[in-house]
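# An overview of the molecular structure
Spelled out from the first residue to the last, the chains are:
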Amino acid sequence: MTGKPTIDAREQNLQLVVENVAFQYTAGPLIGSLTFQLGPGLHRLDGINGAGKSTILRCLSGDLQPIRGHVTACGRDPVNDVSARVLIGHAPYPDDLPTFLNIEQALADLAAFRRCPEWRGNALAERLSLPLDLPLAHASAGQRRKAGLLASLVGDPPILLLDEPWAAIDHAAIDVVTSLLESLRATRIVLFTCHGECPLEPDTTHRLEASAASSDGQ
Amino acid sequence: MLVVTYGLASRLIDPLLRSLLVEVDLRAVSFVVLSVTFLAFAGRLRAILLPSNLSSLARQPVGNLELVFLTYPWATLLAWPWLLVVGFGQPALTVFVLASTVATIGVIGLCATRRGWRRLVWSSALGASLFVIDRHEMSAYPLALLAVTIGVGALETDLHAAFGEAPARSSRQRSERFFSALWRTGGSPLAALLRRDLLALWRRPGWVSRAWLPIVCALFLLLVSAHGNGNCHAACLDRGVLFLVASSAIVCVAVLSSIRHVQGPRWLTPDRTVPPGRRLLSLGLIAAAPCLPFIALAASLSAEPSLLPFSISVVLISLYRQLADPDRDVEIGMLLCSVVPLLFMTLLPVIERLLLTTGVLLVLLYLVNRQARRQRHASGTTGACASAAWP
């Protein structure tokens with residue numbers, strides 16, 4: 001990757017503070033509420049299928065408005081402050097990349113939106129065996145997952161929210177993603193969800209129940 | 001004897017005859033003729049003129065008379081220029097009312113005729129009446145607009161087929177180089193939004209087929225201004241250019257519709273880091289872009305002071321229209337009806353006109369923003385539902 005220099009954790013006040021965050025769809029059960037405070041490292045959000053992990057990640061990224069609670073990313077509010085959302089890279093699953101573009105175009109657009117137009121993900125794409133000129137409409141599930149992970153890294157954000165980062169990708173790519181996340185452990189806040197056996201050891205795990213959540217920092 | 005008889009008879013018969021003689025009101029006659037024509041074509045008009053949200057009525061077992069009451073209001077929307085002509089009144093009332101009645105009947109005939117020589121006959125009648133009318137002030141523009149709205153509308157199917165839903169493979173390959181270069185330029189967030197919309201318009205070029213209306217209006221306006229037609233001078237041209245700008249609303253909506261279709265439900269929120277205001281600005285710019293040649297032409301032909309706010313209002317109305325119901329196809333009649341009331345502002349003095357257009361602009365900005373917020377909320381929640389466990 002090229003582009004912005006590595007973020008200094010001290011300079012950026014590298015913290016993700018989640019206070020009593022909850023969300024509820026119309027006629028759906030309450031998701032959350034969730035309270036935790038994360039520093040640099042790898043953090044796992046755990047829970048059964050349907051507990052609302054993906055929804056909570058969307059709330060933390062600013063994509064959804066929680067019905068209550070506050071999110072603070074590096075001292076700023078990504079829910080209400082659009083410009084603060086560039087501090088957070090979010091890889092939802094399934095991804096929401098535009099199917100009428102190819103991967104390179106989608107990444108270039110995201111780089112422009114996040115005011116880092118010189119950002120390029122060619123090196124990582126090569127490691128993931130991902131052809132950048134591939135139209136997203138023709139991409140397989142695994143290729144879309146890789147593209148989604150690349151998209152979350154656009155602009156080298158200090159906070160990464162990764163929903164099932166190892167889902168649907170091949171063994172070689174699993175190793176690449178695992179080593180990438182290991183390399184980010186010291187300098188980024190990475191909050192991820194994972195079903196089954198996790199390829200790396202998280203620093204903390206936060207459990208989300210169907211209608212209540214508990215946090216147990218390990 | 002004969003003289004006496006004639007004298008008596010004339011004294012008796014003349015008053016009787018005079019009392020029977022009715023002064024013919026041409027407007028009333030034309031109204032009756034129009035009503036009969038609507039009645040005669042009611043069945044076919046229903047399918048053409050009913051807005052999509054009332055289309056279920058077409059399947060209801062109602063008789064022709066009831067149907068007239070259902071279709072007549074919508075049909076008169078398409079005949080609004082005729083009402084304008086009658087409403088404003090003209091120096092040569094007889095000529096205008098007759099010709100505009102013929103024109104409106106021609107429009108109805110065109111609506112009710114599918115294809116072939118009958119359509120040609122109706123078009124000829126329409127053209128003949130326009131030829132008579134366009135020698136005079138004002139009525140030429142609404143009637144020309146009416147003619148192209150309905151008459152030339154039949155061409156739209158062919159135009160749409162010609163442009164298709166997507167460009168051919170060869171032209172797509174040619175364009176790849178252009179778009180690749182465009183994406184390599186990097187650029188600002190606004191530039192990224194615009195190039196993304198540009199690609200969407202290239203992928204779904206059906207909006208081009210909607211440009212016939214302002215193109216024909218522009219040609220007509222050029223023709224009238226070049227030949228100094230009749231008594232059509234400054235005020236007449238001012239109204240003409242406003243009609244031209246109003247007619248380009250159909251292109252604005254078609255452009256937004258193409259973008260919506262290609263980009264899907266996230267067309268308003270391409271990324272969570274894009275501020276809503278910036279996205280609305282980019283949509284407004286891309287919707288206004290195809291109208292710029294028409295606005296420039298209008299500005300060159302007329303010194304109408306409210307042209308700029310009116311043009312912005314037209315774009316905002318189109319944006320609001322598309323945001324309010326993004327899945328519905330463009331309806332020319334309804335769209336024009338939302339734009340045309342603004343034209344009545346030209347009857348006001350300049351200062352009041354500018355104040356009013358500014359007020360309308362502010363209200364439209366508020367409405368567009370509110371509608372966009374609703375759409376974003378709806379699409380965001382839908383997207384979340386798709387990926388989350390809860391229905």
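Look up: the structure comes first, before these words.
These remarks concern the structure in this document. (Residues numbered from 1 in each chain as written. Chains lettered and ligands numbered in written order. Predicted model: local features only at pLDDT ≥ 70, side-chain atom pairs only at ≥ 80, totals over all residues.)

### Some points on the overall build of chain B
Assigned secondary structure in chain B consists of 19 helices and zero strands. Out of the 391 residues in chain B, the part that is buried amounts to 37%. For chain B, long-range pairs separated by at least 24 residues make up 82% of all intrachain contacts whose partners lie at least 6 apart in sequence. (Helix = DSSP H or I, 4+ residues; strand = E, 2+ residues; numbered from the N terminus. Buried ≥ 20, exposed ≤ 12 C-beta atoms within 10 Å, placed from the backbone. Contact = placed C-beta atoms within 7 Å.)

### Quick look at the sheet that holds strand β4 (residues 68-73) of chain A
Residue and element names in this part refer to chain A. A sheet is described by the order of its strands in space; here three strands give the open sequence β2-β1-β4, paired in antiparallel fashion. In the strand order of this sheet, the two ends are held by β2 (30-38) and β4, each with one partner. Going from strand to strand, the sheet's axes swing by 20° on average, the running direction of each strand aside. Direction of pairing for strand β1 (residues 16-24) relative to β2: antiparallel, over a ladder of seven bridges. Across the sheet, the residue bridging to Ala22 is Gly32, located in β2. The sheet strands contacting helix α1 (residues 53-61) are β1, β2 and β4, and the helix crosses β1 at an angle near 125°. (Pairing = 2+ DSSP bridges. Axes fitted to C-alpha atoms, helices over the stretch in contact; angles between N-to-C directions.)

### Describing the environment of A:Gln24
Residue and element names in this part refer to chain A. When you line up the elements, Gln24 lands in strand β1. Accessibility expressed as a C-beta count within 10 Å gives 17 for Gln24, which makes it partly exposed. In the structure, Gln24 is positioned 44 residues away from Arg68 in sequence and 9.6 Å away in space, judged by C-alpha atoms. Once residues within four sequence positions are removed from consideration, Gln24 is found in contact with Leu30, Ile31 and Ile67.

### Remarks on unusual backbone geometry
Residue and element names in this part refer to chain A. Looking along the chain, the bond that leaves Tyr93 and enters Pro94 is cis, with omega of 5°. Position of Pro94 relative to the elements: it lies in the loop between β5 (88-91) and α2 (103-113). At Asn20, a position not held by glycine, the phi torsion is positive, near 55°. Relative to the assigned elements, Asn20 resides in strand β1. Here Asn20 falls in the exposed class, since 12 other C-beta atoms lie within 10 Å of it.

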